[in-house]
Amino acid sequence: MILYKYMSFGAARKVIETLSLGFSCLEDLNDPFECTAFGFKDSDESISAKTATGACRNRFSRKYGVLSLTRQPLNALMWSHYGDSHQGVVLGFDCDLAGFSDPQSNVIPSQYGEMIYSATKPHNDLPMIGEHELLNIGGSLRFDSSAFNLMKRAFLYKSLEWAYEEEVRVVKNIEDIPFGYHTGGGRYCEWNKVIVSGRPLYCFDVPENSLKEIYLGRHLYRNVTKDGSVTDENLKGVLQSWGRKDIKMMQCEPDIHSWNLIAKPSINKS
């Protein structure tokens, strides 16, 4: 299965150079409702559904890293929102070769990471979490039959408004990485913690052969040099170097007969 990541040209350049993809903490994702869809049953006990949800959200937030991918590279809204207004790049990765489908190394592997979009949030239908389960969040809790609902509610529920993203998530446990959310950084095994816009990003190494496709945004050539971060000659050199790789490389453009984007082989592909 090939899944796609929308990003700016600069970010794509770093991903291709370092062969790594960034996992984010839940609290740094752009939906304020992340990890609030547990729907715990209200009870007569002292712990309310609101308190239990807050406790779970706190435990989940910094102990797991989330990689957000999507199913197709020609979504015009995705290009606008995540592809730097069509000035960016979409990269396609083979999930098996990248190790994202391995149930042993991923808390939620790619084949189980399809988002569930709903018009109403789950409510009052999940048994109240116990202390043992709460303490296991970030530790032995895995995406298996006993923890299925809890993990699914934590990571895979979003409002119907987000359905256009066709998001698929890969979730990894990052508790053993010896860097705190606010402290430390650098390499540890297959990870490299960096700071982007004041937030930690946990970059995970992937094999070179897992990168299968590159899609160039409609406005990449016209607009990427406007801020002076890269020259025309530099841009040309980077694209030609990508074109020499054994990777499918496409150029996006509007279809004259519809509202859809289409992709044609890039002139940089050698």
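In this text, all values refer to a predicted model and were calculated from it rather than measured experimentally.

What counts and how
Residues numbered from 1 in each chain as written. Predicted model: local features only at pLDDT ≥ 70, side-chain atom pairs only at ≥ 80, totals over all residues. Heavy atoms only, no water. Helix = DSSP H or I, 4+ residues; strand = E, 2+ residues; numbered from the N terminus. Buried < 20%, exposed > 50% of the residue type's maximum accessible area, 1.4 Å probe, protein only. Contact = heavy atoms within 4.5 Å. Expected span 1.5 Å × (residues − 1). Arc of directions from axis to C-beta. Core = buried A, V, L, I, M, F, W, Y, C linked by side-chain atoms within 4.5 Å. Salt bridge = Lys/Arg side-chain N within 4 Å of Asp/Glu carboxyl O. Axes fitted to C-alpha atoms, helices over the stretch in contact; angles between N-to-C directions. Parallel < 35°, antiparallel > 145°, perpendicular 65-115°, else oblique. Left-handed = near helix turned anticlockwise from the far one by under 90°. Nonpolar A, V, L, I, M, F, W, Y, C, P; charged D, E, K, R; others polar.

Along the chain, Lys 158 turns up in strand β6 (residues 157-159). Looking at Lys 158, the relative accessible area reads 5%, which means it is buried. If we ignore the near neighbours within four places in the chain, the residues touching Lys 158 are Asp 31, Glu 34, Met 115, Ile 116, Tyr 117, Ser 118, Glu 165, Glu 167 and Arg 169.

Our next topic: helix α2 (residues 49-61). When the terminal C-alpha atoms of α2 are compared, their 18 Å separation across 13 residues agrees well with the 18 Å that a helix rising 1.5 Å per residue should span. Three or more residues of α2 are buried, namely Ala 49, Ala 52, Thr 53, Cys 56, Phe 60 and Ser 61. Taken around the axis of α2, the buried residues stretch over an arc of 155°, which confines them to a single face. α2 presents Lys 50 and Asn 58 as exposed residues on the side facing more than 90 degrees away from its buried surface. Contacts from the buried residues of α2 go to β3 (64-70), α5 (131-136) and α6 (148-155).

As a further point, take the nonpolar core. Counting residues in hydrophobic clusters, the biggest one holds 39 residues, and the most contacted among them are Phe 9, Leu 91, Phe 100, Ile 214 and Trp 242. Counting 25 residues, the second largest nonpolar core, distinct from the first, contains Leu 26, Ala 52, Leu 150 and Met 151.

Counted under the stated rule, the structure contains 13 salt bridges. Here Arg 13 and Glu 17 are joined by a salt bridge, their closest N and O atoms 3.5 Å apart. Placement of both Arg 13 and Glu 17 in helix α1 (residues 9-18) is noted, with a separation of four residues, approximately one turn of the helix. The exposure class of Glu 17 is exposed, given its relative accessible area of 58%. Measuring nitrogen to oxygen at the nearest pair gives 3.1 Å for the salt bridge that ties Arg 71 to Glu 114. With Arg 71 in the loop between β3 and α3 (76-82) and Glu 114 in the loop between α4 (95-98) and β5 (116-118), this pair connects stretches of sequence that are 43 residues apart. Residue Arg 71 is classed as partly exposed on the basis of its relative accessible area, which comes to 33%. Assessed through its relative accessible area of 46%, Glu 114 is described here as partly exposed. Through salt bridges with shared partners, a single network forms among Glu 34, Lys 158, Glu 165, Glu 167 and Arg 169.

Okay, the packing of α1 against helix α8 (residues 232-243) next. Two elements in contact, α1 and α8, have axes separated by 12 Å at closest approach and are oriented at 45°. Between α1 and α8, the crossing angle belongs to the class labelled oblique. Pair α1 / α8 crosses with left-handed handedness. Contacts from Phe 9, Ala 12, Arg 13 and Ile 16 in α1 reach Asn 234, Leu 235, Val 238, Leu 239 and Trp 242 in α8. Split by residue class, the contact of α1 with α8 holds seven nonpolar, one polar and one charged.

The backbone phi angle of Ser 85 is positive, close to 55°, even though this residue is not glycine. Tracing the backbone shows Ser 85 in the loop between α3 and β4 (89-94). With a relative accessible area of 39%, Ser 85 lands in the partly exposed category. Positive phi, close to 55°, is recorded for Cys 189, a residue that is not glycine. Structurally, Cys 189 is set in the loop between β8 (186-188) and β9 (191-196).

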